[in-house]
Amino acid sequence: MKLITAIVKPFKLDDVKNALKAAGITGITVSEVKGFGRQGGHTETYRGSEYQIDFVPKVKVEIVISPDMVDTAIDTLLQAAATGKIGDGKIWVTEVETIVRIRTGERGADAL
Amino acid sequence: MKLITAIVKPFKLDDVKNALKAAGITGITVSEVKGFGRQGGHTETYRGSEYQIDFVPKVKVEIVISPDMVDTAIDTLLQAAATGKIGDGKIWVTEVETIVRIRTGERGADAL
Amino acid sequence: MKLITAIVKPFKLDDVKNALKAAGITGITVSEVKGFGRQGGHTETYRGSEYQIDFVPKVKVEIVISPDMVDTAIDTLLQAAATGKIGDGKIWVTEVETIVRIRTGERGADAL
Amino acid sequence: MESGNLSWILISAAMVLFMTPGLALFYGGMDSRRNVLNMLMMNFYCVLIVPILWVVIGYSLAQVPFENDFLGSLDAFMLGDVARAGDGTTLATIAFLGMFAAITPALISGAVADRMKFSAWAIFVPIWVLVAYVPIFKWVYGGWLGQRGSLDFAGGTAIHVNAGIAALAAVLLLGKRRGEVSPPHSMPLVMIGTGILWFGWFGFNAGSALAANGIAAQAFMNTFLAGAAGGLLWVFVEWIRDGHPTNLGAASGIVAGLVAITPAAGYVSGAAPIAIGAIAGVVCCYAVRLKRKFGYDDALDVVGVHFVGGIVGSLLIGFFANPEFFEGEFEKGLFYGGDTGLLIEQALANGVAIVWSFIITTAILLALKYTIGIRVDAETEHNGLDLALHRETAYHD
Amino acid sequence: MESGNLSWILISAAMVLFMTPGLALFYGGMDSRRNVLNMLMMNFYCVLIVPILWVVIGYSLAQVPFENDFLGSLDAFMLGDVARAGDGTTLATIAFLGMFAAITPALISGAVADRMKFSAWAIFVPIWVLVAYVPIFKWVYGGWLGQRGSLDFAGGTAIHVNAGIAALAAVLLLGKRRGEVSPPHSMPLVMIGTGILWFGWFGFNAGSALAANGIAAQAFMNTFLAGAAGGLLWVFVEWIRDGHPTNLGAASGIVAGLVAITPAAGYVSGAAPIAIGAIAGVVCCYAVRLKRKFGYDDALDVVGVHFVGGIVGSLLIGFFANPEFFEGEFEKGLFYGGDTGLLIEQALANGVAIVWSFIITTAILLALKYTIGIRVDAETEHNGLDLALHRETAYHD
Amino acid sequence: MESGNLSWILISAAMVLFMTPGLALFYGGMDSRRNVLNMLMMNFYCVLIVPILWVVIGYSLAQVPFENDFLGSLDAFMLGDVARAGDGTTLATIAFLGMFAAITPALISGAVADRMKFSAWAIFVPIWVLVAYVPIFKWVYGGWLGQRGSLDFAGGTAIHVNAGIAALAAVLLLGKRRGEVSPPHSMPLVMIGTGILWFGWFGFNAGSALAANGIAAQAFMNTFLAGAAGGLLWVFVEWIRDGHPTNLGAASGIVAGLVAITPAAGYVSGAAPIAIGAIAGVVCCYAVRLKRKFGYDDALDVVGVHFVGGIVGSLLIGFFANPEFFEGEFEKGLFYGGDTGLLIEQALANGVAIVWSFIITTAILLALKYTIGIRVDAETEHNGLDLALHRETAYHD
Ligand SMILES: Nc1ncnc2c1ncn2[C@@H]1O[C@H](COP(=O)(O)OP(=O)(O)O)[C@@H](O)[C@H]1O
Ligand SMILES: Nc1ncnc2c1ncn2[C@@H]1O[C@H](COP(=O)(O)OP(=O)(O)O)[C@@H](O)[C@H]1O
Ligand SMILES: Nc1ncnc2c1ncn2[C@@H]1O[C@H](COP(=O)(O)OP(=O)(O)O)[C@@H](O)[C@H]1O
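Nothing here was measured: the structure is a model prediction, and the numbers come from that model.

> When you look at the interface of chain E and chain D in this model, what are you seeing that I'm missing?
Often, the extent of an interface is quoted as the loss of accessible area on bringing the components together. With 52 residues of chain E at the contact, the number on the chain D side is 55 residues. Three residues, F199, F224 and N247 of chain E, lead the burial of chain E against chain D; their summed loss comes to 14% of the area buried on that side. On the surface where chain E and chain D come into contact, there are zero salt bridges. Of all the secondary structure elements, the ones that give two or more residues to the side of chain E that touches chain D are α1 (3-30), α7 (187-206), α8 (214-242) and α9 (247-264) of chain E. The dominant element in the side of chain E that touches chain D, judged by the number of residues it contributes, is α8 of chain E, at 15 residues. Taken together, the residues of the side of chain E that touches chain D sort by class into 33 nonpolar, 16 polar and three charged.

> Even after reading the chapter, I still don't get the packing of aromatic side chains, so can you show me in this structure?
Within a pair of aromatic rings, the relevant descriptors are the distance that separates the centres and the angle that separates the planes. For the coordinates displayed, the defined rule picks out 81 aromatic pairs over all chains. Note on W139 of chain D and W356 of chain D: the rings are 5.0 Å apart at their centroids and 70 degrees apart in plane angle, and the pair reads as edge-to-face. In this pair, W139 of chain D sits in helix α4 (residues 118-140) while W356 of chain D sits in helix α13 (residues 341-369), placing the two residues 217 residues apart along the sequence. The buried category is assigned to W139 of chain D, whose relative accessible area is 7%. Judged by relative accessible area, which is 32%, W356 of chain D ranks as partly exposed. Seen from their ring centres, F18 of chain E and F199 of chain F are 4.6 Å apart, and the 10 degrees between their planes marks the pair as stacked. Remark: F199 of chain F occurs in helix α7 (residues 187-206) and F18 of chain E occurs in helix α1; the pair is interchain, linking two chains. Owing to a relative accessible area of 1%, F18 of chain E belongs among the buried residues under this scheme. When its relative accessible area of 0% is taken as the criterion, F199 of chain F is described as buried. Three or more aromatic residues joined by ring pairs make a cluster, and in this case those are F18 and F199 of chain D, F18 and F199 of chain E together with F18 and F199 of chain F. Above the ring of F55 of chain B, the side-chain terminus of K34 of chain B is found at 5.6 Å from the ring centroid.

> Hey, could you run me through the relation of the copies chain E and chain D in this one?
Here two copies of a chain appear, and what relates them is a rotation about an axis with a shift along it. The two copies are related by a screw motion: chain E maps onto chain D through a turn of 120 degrees and a shift of 0.0 Å along the axis, at an RMSD of 0.0 Å. The relationship between the two copies is best expressed as a three-fold rotation axis. Relative to the rotation axis, the C-alpha of G4 of chain E is the closest in chain E, positioned 2.0 Å from it. A distinct binding surface is used by each copy, with only 13% of the interface residues of chain E retained as interface residues in chain D.

> So what exactly am I meant to see when it comes to the site of ligand 2 here?
Taken together, 22 residues are adjacent to ligand 2, and T29, R101 and R103 of chain A together with R38 and G87 of chain B come closest. Taken together, the residues near ligand 2 originate from chains A and B. Between G89 of chain B and ligand 2, the recorded distance is 3.2 Å, taken from a backbone N or O atom to an oxygen atom. Expressed as a share of its isolated accessible area of 540 Å², the protein-covered part of ligand 2 is 98%. For the shell around ligand 2, the secondary-structure elements that each account for two or more residues are β2 (28-36) and β5 (56-65) of chain A together with β2 (28-36) and β6 (90-95) of chain B.

> What exactly am I supposed to notice about the pairing of strand β4 (residues 49-53) of chain B here?
Residue and element names in this part refer to chain B. Side chains S49, Y51 and I53 of β4 all project onto a buried face; the interleaved residues E50 and Q52 project onto a face where none is buried. Bridge count for strand β3 (residues 42-46) against β4 is five bridges, and the pairing is antiparallel. Bridging across to β4, T45 finds its partner in E50.

> What should I look at first to understand the site of ligand 3 in this one?
The full set close to ligand 3 counts 22 residues, and T29, R101 and R103 of chain B together with R38 and G87 of chain C are the nearest of them. At the site occupied by ligand 3, the surrounding residues belong to chains B and C. Between ligand 3 and T29 of chain B there is a distance of 2.7 Å, counted from an oxygen atom to a side-chain nitrogen or oxygen. Within the backbone of V64 of chain B, a nitrogen or oxygen atom sits 2.8 Å from a nitrogen atom of ligand 3. Calculation on ligand 3 without its partners gives an accessible area of 550 Å², and the protein chains cover 98% of this total. Of all the secondary structure elements, the ones that give two or more residues to the shell around ligand 3 are β2 and β5 (56-65) of chain B together with β2 (28-36) and β6 (90-95) of chain C.

Calculation criteria
- Position labels on residues start from 1 in each chain and follow its written sequence.
- Written order determines the labels here, with chains lettered from A and ligands numbered from 1.
- At least 70 in pLDDT is required for a residue's local features to be given in this predicted model, at least 80 for side-chain atom pairs to be given and counted, and no such filter applies to totals for whole chains, interfaces and linings, which use all residues.
- Side-chain descriptors were evaluated using all non-hydrogen atoms of the structure, hydrogens and water having been removed beforehand.
- Any two residues whose heavy atoms approach within 4.5 Å are treated as being in contact.
- Accessible surface is computed with a 1.4 Å probe, and the buried area is the amount of it that two parts give up when combined, taken over both parts together.
- Each salt bridge in this description consists of a side-chain nitrogen of Lys or Arg and a carboxyl oxygen of Asp or Glu lying within 4 Å of one another.
- For the purposes of this entry, the term helix denotes a DSSP run of H or I that reaches at least four residues, the term strand denotes a run of E that reaches at least two, and both are numbered from the N terminus.
- When residue character is reported, Ala, Val, Leu, Ile, Met, Phe, Trp, Tyr, Cys and Pro are called nonpolar, Asp, Glu, Lys and Arg charged, and the others, Gly included, polar.
- A pair of aromatic rings is counted whenever rings of Phe, Tyr or Trp (Trp by its six-membered ring) have centres within 6.5 Å, and the orientation is called stacked for planes under 30 degrees apart, edge-to-face for over 60 and tilted otherwise.
- Each residue is placed in one exposure class: buried if its accessible area under a 1.4 Å probe, protein chains only, is under 20% of its type's maximum, exposed if it is over 50%, and partly exposed if it falls in between.
- By the criterion adopted, a ring carries a charge over it if an Arg CZ or a Lys NZ lies within 6 Å of its centre and within 35 degrees of its normal.
- Overlaid copies result from least-squares superposition on C-alpha atoms, with residues included only where pLDDT is at least 70 in both.
- Near, as used in this document, describes a residue that has one of its heavy atoms within 4 Å of the molecule or strand being considered.
- In protein, a polar contact means a hydrogen-donor-capable atom and an acceptor-capable atom, both N or O and within 3.5 Å, with residues adjacent in sequence counting only if both atoms are side-chain atoms; elsewhere, any N or O pair within 3.5 Å suffices.
- With residues, only the protein chains shown are counted as cover, and all accessible areas are computed by Shrake-Rupley using a 1.4 Å probe.
- Each pair of strands is called paired provided DSSP finds at least two bridges between the two strands.

Next comes the structure, spelled out in structure tokens:
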């Protein structure tokens, strides 16, 4: 099993979710994160005082997936999440040793 | 060292925390996430317009733990978090190479 | 590639970010989490009723990094995030198999 | 009627209307994120159904003719000829009283939070207004309790004690909430609500003079001082007892002081409002703990604040009533040379209201319990009422 | 003028001022987190620029002299001698009317949410007030439409229909929003706004009597009942049709009922306000769906609530107007023995307002479209207008 | 007194009471999530302790007898016989003035945000009200400064300059906040507060006529125009200077305009309120930057808005005062043919207020600093004051 973690732009989340679904991926877990990278932040102005906001809102998508699906998933993510502008985000993959479905206790591929 | 990640239903968090504590697990990190899976989302109605909310609120629990405790932890999680209804969530385990306690710089089991 | 995950005190985030930047680390992803550990929580009082709040606000910092930078990063984190008081948090390292930059599809060290 | 008096009744009525959204926010902020909309809806619903009910038959049953001992009549059904009255006084007064009728059942919502079926609430409210509120209102204002000499300037007995004991009856029937109780999801919302409530309460109390005169001014001053004293003392008790002065304590104490001065606002003066507010602040600060002792689950302390505060204020009239300062004819309180007569009347009026309201509330809810049910199922309770009952979520990113 | 009347105009004016922030919150809560500040700003901007415009030339063009058929004059430029008037009546009335002028363009903001350039809005508002609002206001109040016998007590035609049709014109020109539409980011904010709006609406309608008299009292009562009936019926329709009673439904229905009673408030009585509110509640509950059918993107339903509600109320005057209850001289509605004359006048007045407002709005926005542009770019729309246009974010941790 | 006048004083008083919660939200929204409750509590505390203080001795010391030059007396201790006055005028006026006394120290809270001990605040407020506010109030109203001819209609010198300079003294003693400063945690809260403040300010200024008359109407109009002009100009300056018009700019400009018109509201007319508001909007928009230049940490710009705005408005009276429009007897401003006499009196009165308030504030805080301490420890500051001082958290999930 593999865990794919993708950091994407928030407004791309719907596209990503739909594309993953279309690619046959049935479960994902999503969270709000803030990113710091090349994209840089922005300044906000309050009463003429500038606040440097270094972190940009991003969404993290986590997918536990069988090894043979990893490439499909990455391709799908690249397609759905890319805008071509700096800050599109990253995808990384890590090894998962065990996966269990809480409801049934099933393990491995059955748990997905 | 292992990292156990569990996605559970929000209202189960207290039970999970208490059960883990009772099982001798002294530290966990928790975050709010949104899940997409078999459980499906729901619709909300605003002025008669339906909004499909695909994501269900979930809680992510992360536990870094020594390898010999992994099974205990998983069993505890299964017990505490299961309701038997779709959407109870997943548990997955990954390998951790190093763990450090920031306060002291201790590493490995001492850092837990 | 490695993934460094650090749980730190929220008010240390700026220091951490600046220190990492100074150490040449150009990208991080941050999220709000709640921690449960030795530090213990606190009670809040509403109309004389006490609520035990077990979880302490923490910030999770995730850094994907080339293996040779891991020690630098950990040292930097230890320096910037430590206050010496209980609850300073943890750092853990896991192996990353692939890292992709969404914008370009670049992989590996180029993707950072 | 002088235009100045009408102006005062009208603005007072608008201020009391504003109190129901204020109460909704006060309660809603204390509630959890997943139940806040149900709380808001229970409150707003009152201000949708009760006004209609009030002008159709409520006012008529409650006030026409004023002399009736136990109940009015249907003579002013759909206001009858009343609307024809040229100078607007009667019409304005009916609207003003309609605002009171709307907020009274809304007060109960705080107790039944997090577990009551909205369908049951929707049926409960109009029936309760007709069978519990209207009669008690009649007895106190113009009816037999009022004629005996009991005093209730702006609705201590008729509103706060009445709603407070109904809240107790309701939570006894509903039972406790499941799972752990959440702390207030938004204290700023609670404080907005508190601000609106205090603002509106000036209309509630000083408007009850039904004229811009000396009594109104005194009621106004009393509303100012009792709210302040209630908040101050609650905060001081907390500070000494628990070690921390809290916002929720300040808010609760302000409301407790305001509740207590409500029945007394047009009968006391000088330092009395400070004393009444302060006593209510202290007593209610302890009274909200009773639920833990006795085990009833009064979610947002309607009993501890409105019932207890209402009783405190109502009985203290027996001590502080001071007719010298007012044109009205009423008994002196004990501290101003009166005998226990007034105090006894106060106790009697409240006793009657308590018994009647408790019985009626229980009867209505029992009937609902064995028909459509009054409590949501466990899953709804766990996941929150907002989504299950209203298909809405309070906050979205 | 009696001090009581002046007191009533002053407090009414303050209440109407309060409505614009209320509207801002009502709309802002419905909007998404990344556009809420732009929404608030569009509303607050109206209450910054319009007051100045109103006293400099707006009032003069709209009302001085009252007899003019089509437009006033510049005789009261910068209020002229008006401010000298000793007893304050005229001054208070001008301020009161200035609040109306400010909130009218603010109503439009809900439709153009999430995509309009703020610079275009900043230019649009004052021009629209001068060229669309001022003339229609004049025609209806004192001008040719009013002289023919059409009725508009507090601004159904002049304000709600006018702003509502302008909203339609604007969204037709702006086009649809990109991407998926977010549900309300904060329902509690919506409900705060609703509470403020209803409170303020008592000043809006009952204040329009410009005295604390019987008409004011009746308008007050009508405002109470129509708001309640509108909310109640909208909720009931939802409950039956969709299975769930919602907070946004209650809020929308209250506003729909209030919109509909606005033109009628000083002309109807008895059960009529309940009927008018109820009809508006039902009709608007269905009307907000029209945008899906016809494909215009009226973000926060300004057309469905203000335009449709305004039309409903305005036409229903033709049925419910009942001069018996009022001192004023006006035609009887159909239900009170009148002929269709009044109804026809109502239809004509609204027809004129619709045509004029639609054309003017389109013309202004077309001119802006081909000069500075009226729509933000796609990236701004995706990321939210708050940051791009105002360098602010609504919430920070 | 006519009922219309009393009605106006009563509603004005209620509106001013409402301003303190409004101010709390205005400040609280600008503050960070972890300090918002402390901010709310500092504000609400003022409206708990000051009313009591005011009726017990404050009013008596400040106003009885009116002729005294420097200080009143204890003749109206606990209001003395005042409450007996049949028609309510005096009582209503005392309540009205009590609202002013309560909000004045609350203004200071914005400056000391995020680091002051609540225990120190709790002691500071009542002492400051007695020793700084009451004397200055006396001197300006009825006392030696007023007798010399200086003008302060609704509290520019006595309230805004006074509180503003106290804020400066306080932050100089407290020192800067540690760590990075957070942007406003909830702009919608700021805008709710702004709406409430503007609404209440009509009571504040127009209510200060203490009657519903021509002066009240003019003060009302001025409050409308100056708020609008202040907001508009601040936004325009930002837009031109920084490239973006902001909500916080609109809110700040409205408040700046309102502050500046406060002393002048009953003395100017025509275009003057627009000029005064506009000048205050521009000046304050630059003045809030002074803190960066001079290095004092005035957290929420009490100095830049209230002190500077108050001075601006107070001095502009010397130019714009126009007795022709009013019944009152006062000097002409420079623009209306007056000499520099009035301007000099204005400068003198403010100078005296500045010196007295600065010294007293410093003295009280120094005494507190060396006894119980005035600043929280570093850890409390890092983690937020809400939890450490009040055992509350603003938001829970
Ligand atoms: N080394 C890294 N570790 C973890 N997250 C990263 C890293 N670098 C970038 N990110 C995440 O990816 C997001 C996009 O990165 P950025 O450098 O801005 O643009 P791009 O992905 O186009 O190169 C960042 O906001 C951050 O959340
Ligand atoms: N493949 C997956 N990768 C990551 N998270 C998943 C995956 N599948 C499910 N989840 C998470 O687990 C939650 C529950 O999954 P779901 O399919 O709804 O029910 P069940 O766990 O009962 O099979 C989801 O809401 C999601 O957060
Ligand atoms: N075993 C663990 N797994 C995951 N997170 C942990 C673990 N132990 C601690 N943490 C995280 O680290 C934080 C600090 O831990 P704590 O035990 O309070 O103090 P310290 O790090 O100083 O020993 C916790 O709040 C929690 O977020």
